[in-house]
Protein chains: 2
Amino acid sequence: MSATIIRGTPMAEEIRAEVAEGVAEMRSKHGIVPGLAVVLVGDDPASAVYVRNKERAAMEAGMVSEVVRMSTATEEDVLSAVRRLNADARIHGMLVQLPLPDHISENRVIESVNPNKDVDGLHPFNMGLLMAGRPRFVPATPGGIQQMLVRTGFDPSGKNVVVLGRSNIVGKPIANLLMQRSDGANATVTVCHTRTRNLEEVTREADIIIAAIGQPRYLKADMVKDGVVVIDVGINQIDAPERRRGYRLVGDVDYHAVREKAAAITPVPGGVGPMTIAMLLSNTLKAARLHMHPHLRDES
Amino acid sequence: MSATIIRGTPMAEEIRAEVAEGVAEMRSKHGIVPGLAVVLVGDDPASAVYVRNKERAAMEAGMVSEVVRMSTATEEDVLSAVRRLNADARIHGMLVQLPLPDHISENRVIESVNPNKDVDGLHPFNMGLLMAGRPRFVPATPGGIQQMLVRTGFDPSGKNVVVLGRSNIVGKPIANLLMQRSDGANATVTVCHTRTRNLEEVTREADIIIAAIGQPRYLKADMVKDGVVVIDVGINQIDAPERRRGYRLVGDVDYHAVREKAAAITPVPGGVGPMTIAMLLSNTLKAARLHMHPHLRDES
């Protein structure tokens with residue numbers, strides 16, 4: 001079988017172009033420019049790269065972008081920055097880049113963000129709306145996964161979806177998203193994790209598998225059925241002495257072997273990864289629209 | 001096989017006695033009496049009975065109880081009653097009895113309740129905490145189901161749990177509760193619903209089935225495996241001309257037939273039903289404790 005390769009890069013470009021169009025329309029019709037703010041604490045190089053990419057993508061979409069960089073900060077410093085951005089009318093969406101240093105409570109910081117600006121969708125209020133079937137800001141990775149399925153014609157409706165992993169940023173929100181009675185959802189969802197027994201019996205029944213456990217090449221070909229659709233959220237570094245940087249990136253799926261049985265599969269890199277920034281921009285545009293039309297919030 | 005009958009009535013009495021003890025201790029040590037308020041709108045006779053039962057149970061547990069009854073009310077009337085109770089220091093827990101009349105938005109009313117007093121656990125903020133694995137107020141029915149499993153030694157950890165139904169008050173919260181990495185949870189959870197295909201194949205793999213779909217005697221013996229544990233949340237009226245009132249109550253499970261194959265099963269009535277008020281009281285005591293010790297909220 002020749003699997004469809006679901007590529008995130010062109011799809012993310014498509015979504016970013018749609019967002020840019022929405023931004024241009026909002027600017028010309030209403031004179032409003034959606035604004036995205038990112039708070040970056042500490043000097044983790046990977047976080048710095050992620051934040052720069054978000055900043056650049058927001059600019060490219062025609063948005064206002066603000067980055068608050070704090071090399072060292074107390075929890076109160078971060079809370080104070082969040083409060084200022086909550087009150088800033090030019091900023092419609094904001095996020096605090098995670099992880100935060102150990103001395104700062106991520107929960108307290110996330111809960112201090114105005115839920116109407118929480119474009120990461122991590123505030124408990126927004127997680128609750130997602131669980132209740134009225135999502136306002138779907139976290140970027142789950143939102144991207146849903147788009148990848150729907151835009152390639154692999155609608156999850158009526159399908160057995162198996163989610164590997166129960167993190168708060170991927171596993172639990174994608175499960176809650178896909179089990180809802182709504183378009184692009186309506187799946188029969190099973191969530192598996194470290195305590196799951198006979199995992200391969202569960203995965204072999206899956207029409208769609210979403211792997212988000214952070215174990216390199218964990219999902220093998222003998223764990224899936226023919227015609228499965230596989231979304232690989234993993235990004236794992238493995239040693240690769242032949243490469244100049246000494247490592248390469250692989251997903252949670254044994255890609256080459258699973259691809260032989262799959263109807264469709266996402267590569268790593270170039271799969272889910274590029275979708276996340278596109279979905280963040282999409283959420284920011286939505287935040288600006290909800291700011292303009294607060295009554296729409298009740299329908300979300 | 002002789003199934004264990006998991007009876008809710010004595011277990012609920014046990015929990016209510018534990019709560020009464022906690023209330024007495026709080027009163028004697030700290031001079032604080034936990035207070036529960038219920039807002040009842042309209043003249044639905046069933047709702048009136050439920051509210052009276054909650055009021056009586058709160059009194060029996062030694063709590064302060066207040067019921068705000070409004071035969072007719074605008075949405076603003078209800079919101080105003082909620083605001084007053086939010087501000088009332090004697091009231092630690094409150095709920096608005098559902099369903100509300102059609103002209104009142106249940107979502108707006110629920111979101112107006114102070115999340116720290118939301119003992120029904122229906123505010124999106126509290127649903128989000130539940131989803132994130134930091135439950136503060138678990139909705140009464142899911143909380144009761146978990147207690148029934150744990151207190152009878154049928155710990156869901158590592159088990160395949162199949163939830164039938166995806167309502168916001170039972171299906172989705174019990175799924176989110178049991179999939180967490182925590183005591184009394186750690187299950188591999190599958191949520192089934194109207195769009196699920198080959199449902200009986202899914203239910204036959206289940207170690208524990210939680211039926212909450214509102215279809216009388218839907219789950220048949222040939223849909224379950226030997227040794228299954230069945231929690232029946234359904235309460236359905238079916239015609240029973242031989243009875244004086246003309247109907248009888250049955251669950252979502254074909255009780256007598258399924259009991260022959262099950263390791264344990266809850267009856268209807270006398271199963272999950274009695275647990276809900278006990279869990280409401282338990283949440284109210286917890287609300288009073290969190291009010292006294294706000295720092296504990298961050299650990300919840």
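Conventions used here
Residues numbered from 1 in each chain as written. Chains lettered and ligands numbered in written order. Predicted model: local features only at pLDDT ≥ 70, side-chain atom pairs only at ≥ 80, totals over all residues. Helix = DSSP H or I, 4+ residues; strand = E, 2+ residues; numbered from the N terminus. Rg over C-alpha atoms; globule rule 2.2 N^0.38 Å. Buried ≥ 20, exposed ≤ 12 C-beta atoms within 10 Å, placed from the backbone. Contact = placed C-beta atoms within 7 Å. Pairing = 2+ DSSP bridges. Least-squares fit on C-alpha atoms with pLDDT ≥ 70 in both. Axes fitted to C-alpha atoms, helices over the stretch in contact; angles between N-to-C directions. Parallel < 35°, antiparallel > 145°, perpendicular 65-115°, else oblique. Left-handed = near helix turned anticlockwise from the far one by under 90°. Nonpolar A, V, L, I, M, F, W, Y, C, P; charged D, E, K, R; others polar. Right-handed = clockwise from strand over helix to strand, strands pointing away.

**Student:** When you look at the overall build of chain A in this model, what are you seeing that I'm missing?
**Tutor:** Helix and strand content of chain A: 10 helices and 11 strands. In summary, chain A has a C-alpha radius of gyration of 19 Å against a globular reference of 19 Å for 300 residues, a match within 12%. On the principal axes, the C-alpha backbone points of chain A span a range of 55 × 45 × 35 Å. Out of the 300 residues belonging to chain A, those deemed buried represent 48%. Of the contacts formed within chain A by residues at least 6 apart in sequence, a portion of 69% connects residues at least 24 apart.

**Student:** Honestly, the sheet that holds strand S1 (residues 4-5) of chain A in this entry has me stumped. Any pointers?
**Tutor:** Two modes of strand pairing occur in sheets, parallel and antiparallel, and in both the strands are linked by backbone hydrogen bonds. Strand order in this open sheet of 12 strands is S1(A)-S11(A)-S8(A)-S7(A)-S5(A)-S6(A)-S6(B)-S5(B)-S7(B)-S8(B)-S11(B)-S1(B), and the pairing throughout is mixed. Two strands close off the open sheet at either side, each with one partner strand: S1 of chain A together with strand S1 (4-5) of chain B.

**Student:** Looking at this structure, I do not really get the relation of the copies chain B and chain A. What am I missing?
**Tutor:** For the pair of chain copies, the relating operation is a rotation around an axis with a shift along it. Once chain B has been moved 0.0 Å along the axis and rotated by 180 degrees, it coincides with chain A to within an RMSD of 0.0 Å. Given the turn and translation reported, the copies of this chain are related as if by a two-fold rotation axis. Residue by residue, 100% of the interface of chain B is reproduced at the interface of chain A, so both copies engage with the same surface.

**Student:** Help me understand the packing of helix H6 (residues 140-151) of chain B against helix H7 (residues 171-178) of chain B in this model?
**Tutor:** Two packed helices can be described by the angle between their axes and the distance between those axes. Residue and element names in this part refer to chain B. Running from N to C, H6 and H7 cross one another at 45 degrees; their axes reach a closest spacing of 8 Å. Between H6 and H7, the crossing angle belongs to the class labelled oblique. For H6 against H7, the interelement crossing comes out right-handed. Taken together, the residues of H7 that come into contact with H6 (itself represented by Pro142, Ile145 and Gln146) are Pro173, Ile174 and Leu177. Tallied by class, residues from the contact of H6 with H7 come to five nonpolar, one polar and no charged.

**Student:** Hey, could you run me through the interface of chain B and chain A in this one?
**Tutor:** Accessible area lost upon the coming together of the parts serves often as the stated size of an interface. Each partner contributes to the interface: chain B provides 29 residues, whereas chain A provides 29 residues. Among the secondary structure elements, those contributing two or more residues to the side of chain B that touches chain A are helix H4 (106-112), helix H5 (124-131), H7 and strand S6 (188-192) of chain B. Looking at the side of chain B that touches chain A element by element, the count peaks at seven residues for H5(B). In the side of chain B that touches chain A, the residues fall into 11 nonpolar, 11 polar and seven charged. Note that strand S6 (residues 188-192) of chain A and S6(B) share three bridges and pair antiparallel. Residue pairing for S6(B): A:Thr190 is matched across the bridge by B:Thr190.

**Student:** Would you take a moment to explain the pairing of strand S2 (residues 35-41) of chain A for this structure?
**Tutor:** Consecutive side chains along a regular strand alternate between the two faces of the sheet. Residue and element names in this part refer to chain A. For S2, the buried fraction is high: seven of the seven residues fall into the buried class. On S2, burial covers both faces: Gly35, Ala37, Val39 and Val41 on one face and Leu36, Val38 and Leu40 on the other are all buried. Following the backbone out of S2, through helix H2 (residues 45-60) and into the adjacent parallel strand S3 (residues 64-70), one traces a crossover that is right-handed. Where S2 lies against strand S4 (residues 93-96), four bridges are found, and the strand directions are parallel. From the neighbouring strand, Ala37 faces S4, where its bridge partner is Met94.

**Student:** Looking at this structure, how should I read the environment of A:Val113?
**Tutor:** Residues and elements named next belong to chain A. Among the structural elements, Val113 can be located in the loop between helix H4 (106-112) and helix H5 (124-131). Under the C-beta neighbour-count criterion, Val113 is labelled buried, with 25 such atoms within 10 Å. The spacing of Val113 and Met11 is 102 residues in sequence and 30 Å in space, taken between C-alpha atoms. Non-local contacts of Val113, meaning those with residues more than four positions away in its chain, are made with Val82, Asn86, Met94, Asp118 and His123.

**Student:** It is not clear to me how the pairing of S6(B) should be interpreted in this structure. Could you clarify?
**Tutor:** All names here are of chain B. Most of S6 sits inside the fold, with five of its five residues counted as buried. Here S6 shows a buried face lined by Thr188, Thr190 and Cys192 and a second buried face lined by Val189 and Val191. Note: strand S5 (residues 160-164) against S6, five bridges, orientation parallel. Counted as the bridge partner of Asn160 is Thr188 from S6. The β-α-β motif built from S5, the intervening H7 and the parallel element S6 has right-handed crossover chirality.

**Student:** How should unusual backbone geometry be read in this particular structure?
**Tutor:** Glycine aside, negative phi is the norm for most residues, and most peptide bonds take the trans geometry. For the bond running from A:Val268 to A:Pro269, omega is -5 degrees, close enough to zero to count as cis. Examined against the element boundaries, A:Pro269 turns out to sit in the loop between strand S11 (264-265) and helix H10 (273-292). Even without being a glycine, B:Asn186 presents a positive backbone phi close to 60 degrees. Locating B:Asn186 in the fold gives a position in the loop between H7 and S6. B:Asn186 sits in the buried class, given 21 other C-beta atoms within 10 Å. Phi at B:Asn198 takes a positive value of approximately 55 degrees, unusual for a residue other than glycine. Among the secondary structure elements, B:Asn198 is positioned in the loop between S6 and helix H8 (199-203). A count of 12 C-beta atoms within 10 Å places B:Asn198 in the exposed class.

By themselves, these are just geometric observations and shouldn't be taken as functional.
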